[in-house]
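These are the residues of each chain, in order.
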Amino acid sequence: MSNIEASKKLAAYTAVDRHVKPEHRIIGIGSGSTVPYVVERIVQQGEEANKGRVFIPTGFQSKELIVSSKLALGDVDEYPTIDVTLDGADEVDYQLNCVKGGGACHLREKVLAEAANTFILVADYRKNVQYLGTNFVQGVPIEVVPFAYAKVLQNLHHILGSPNAVLRMAVKKAGPVVTDNGNFIIDAPFPREKMLDPYIIMAQIKMLTGVVEVGLFCRMAKAAYFGNEDGTVTVRWDDEKVEQVAAPE
Ligand SMILES: O=C[C@H](O)[C@H](O)[C@H](O)COP(=O)(O)O
């Protein structure tokens, strides 16, 4: 297993051990390459612990993960209050603002984050930054309704200060990425000064008609767990405290 993969697993295992408690019944499962380790650790809690629990996915990938792990699947329209949601991130700053949507799942992810009593981020050490846009430079993912994409792009280029915003194109399909909700994704890079307090630009983007959701999650998480190369885990809390913990058994 590579260092990065091991770091993702460390972060996920530590977060599950601390935040998925026996009394939790409704659990939100995020998307991305770190989340499979979250589900792996939850399964390790045993059949008894998972009996009566319902797991809510943030998209196609996590739905498959829940079903293939033989956990009970539910949806947020049936369970609008979630005990705890665990999810990955593309980048997280020192105030727990984060960029999400590298996998185009941020609309459902934000709904599950908002629905949760506790929202927890899990990631490898590359995602732990002072300011957003440090390592994840492709820009803020923005989900838009297809017919409005050109208008929103124009707004981003000429009004909101992202001249390099682009429509995200698919890799093994001609044309744009289409989300689980049938929408398009725009990736909009912003200069550092806009990322110092990302709430402002998040609100401005969200006000553009045609935008469905912005991949900036501002101060929503209770804690972020980052697996490190040396086998420790750095935990950042919502009060800006930073904790260093040893790896779980
Ligand atoms: O849309 C995708 C999600 O926001 C992911 O949680 C995010 O891209 C992080 O994924 P990974 O754990 O693969 O870095």
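All of these numbers come straight from a predicted model, not from anything done at the bench.

Q: Looking at this model, I keep getting lost on the nonpolar core. Mind explaining?
A: In globular proteins that are soluble, nonpolar side chains generally tend to be buried together. Membership of the largest hydrophobic core comes to 27 residues, with the highest contact counts inside it found for Ile27, Ile29, Val38, Ile42, Leu86 and Tyr225. Mapped onto this core, the elements with two or more residues apiece are helix H1 (3-19), strand S1 (26-29), helix H2 (35-44), helix H4 (60-68), strand S3 (82-87), strand S6 (116-124), strand S12 (223-227) and strand S13 (233-237). By residue number, the principal contributor to this core is H1, which donates six residues. Aside from chain neighbours lying at most four places away, what touches Ile42 is Val16, Val20, Ile27, Ile29, Asn50, Arg53 and Phe55.

Q: Quick question: what am I supposed to make of the sheet that holds strand S7 (residues 140-144) here?
A: Hydrogen bonding along the main chain pairs the strands of a sheet, whether they run parallel or antiparallel. In spatial order, the strands read S8-S9-S7-S10; together these four strands make up an open sheet with antiparallel pairing. If you trace the sheet from one side to the other, it starts and ends with strand S8 (166-167) and strand S10 (211-214), each paired once. Bridge analysis of S7 against S10 gives three bridges, and the strand direction is antiparallel. Following the sheet pairing, Glu143 is matched in S10 by Glu213. Sheet strands in contact with helix H6 (residues 149-158) are S7, S8, strand S9 (184-188) and S10, and its direction is about 10° off that of S9. On top of the sheet, helix H8 (residues 198-206) reaches S7 and S10; it is set at about 165° to S10, its chief contact.

Q: Any chance you could explain the packing of aromatic side chains here in plain terms?
A: For any pair of aromatic rings, geometry is given as the distance between the ring centres together with the angle between the planes. All chains considered together, the criterion is met by four aromatic pairs. Sitting over the ring of Phe217, Lys100 keeps its end group 5.7 Å from the ring centre.

Q: I'm lost on the domain arrangement of the chain in this one. Help?
A: Quite often, the size of an interface is put as the accessible area lost when its parts meet. In terms of domain boundaries, the chain breaks down into domain 1 (3-130 + 218-245) and domain 2 (140-214). Between domain 1 and domain 2, the C-alpha centre-to-centre distance is 24 Å. Facing the 16 residues of domain 1 at the interface are 16 residues of domain 2. Approximately 1,200 Å² of surface area, both sides summed, lies buried where domain 1 meets domain 2, with 58% of it carried by carbon and sulfur atoms. The three residues of domain 1 that bury the most area against domain 2 are His106, Leu107 and Lys110, which together make up 41% of that side's buried surface. Summed over the shared surface of domain 1 and domain 2, the result is one salt bridge. The partner of Glu213 in a salt bridge is Lys110, with the nearest N and O atoms 3.0 Å apart. Broken down by element, the residue count for the side of domain 1 that touches domain 2 peaks at four residues, all from helix H5 (residues 106-115). Residues belonging to the side of domain 1 that touches domain 2 are distributed by class as follows: five nonpolar, seven polar and four charged.

Q: How should the sheet that holds S13 be read in this particular structure?
A: The seven strands lie next to each other as S2-S1-S3-S6-S12-S13-S14, forming an open sheet whose pairing is mixed. Each of the sheet's edge strands pairs with one partner strand only, and the pair in question is strand S2 (54-57) and strand S14 (242-245). Taken over all neighbouring pairs, the strand axes of this sheet differ in orientation by 20° on average, direction set aside. Examined bridge by bridge, S12 and S13 share five bridges and lie antiparallel to one another. From the neighbouring strand, Phe226 faces S13, where its bridge partner is Thr234. Against the sheet, H5 contacts S1, S2, S3 and S6, and its axis sits at roughly 130° relative to S6.

Q: Got a minute to help me understand the side chain of Asp187 in this structure?
A: Within the secondary structure, Asp187 is located in strand S9. The exposure class of Asp187 is buried, given its relative accessible area of 5%. Polar contacts involving the side chain of Asp187 include one to the side chain of Arg168, which spans 2.8 Å. What Asp187 contacts, discounting residues up to four positions off in sequence, is Gln138, Gly139, Val140, Pro141, Asn164, Ala165, Val166 and Arg168.

Q: Would you mind showing me how to read the confidence of the model for the chain here?
A: Atomic detail in the predicted coordinates should be set aside for any region of low pLDDT. Averaged over all residues, the pLDDT of the chain is 97; the fraction at 70 or higher stands at 99%. Across the interface, the model reports ipTM at 0.98; the global pTM reads 0.96.

Cut-offs used in this document
Residues numbered from 1 in each chain as written. Predicted model: local features only at pLDDT ≥ 70, side-chain atom pairs only at ≥ 80, totals over all residues. Heavy atoms only, no water. Core = buried A, V, L, I, M, F, W, Y, C linked by side-chain atoms within 4.5 Å. Buried < 20%, exposed > 50% of the residue type's maximum accessible area, 1.4 Å probe, protein only. Helix = DSSP H or I, 4+ residues; strand = E, 2+ residues; numbered from the N terminus. Contact = heavy atoms within 4.5 Å. Pairing = 2+ DSSP bridges. Axes fitted to C-alpha atoms, helices over the stretch in contact; angles between N-to-C directions. Phe/Tyr/Trp six-rings, centres within 6.5 Å; stacked < 30°, edge-to-face > 60°. Lys NZ or Arg CZ within 6 Å of the ring centre and 35° of its normal. Domains from an automatic or database assignment. Buried area = accessible area lost by both parts, 1.4 Å probe. Salt bridge = Lys/Arg side-chain N within 4 Å of Asp/Glu carboxyl O. Nonpolar A, V, L, I, M, F, W, Y, C, P; charged D, E, K, R; others polar. Polar contact = N/O pair within 3.5 Å; in protein donor to acceptor, adjacent residues only side chain to side chain. pLDDT = per-residue confidence, 0-100.

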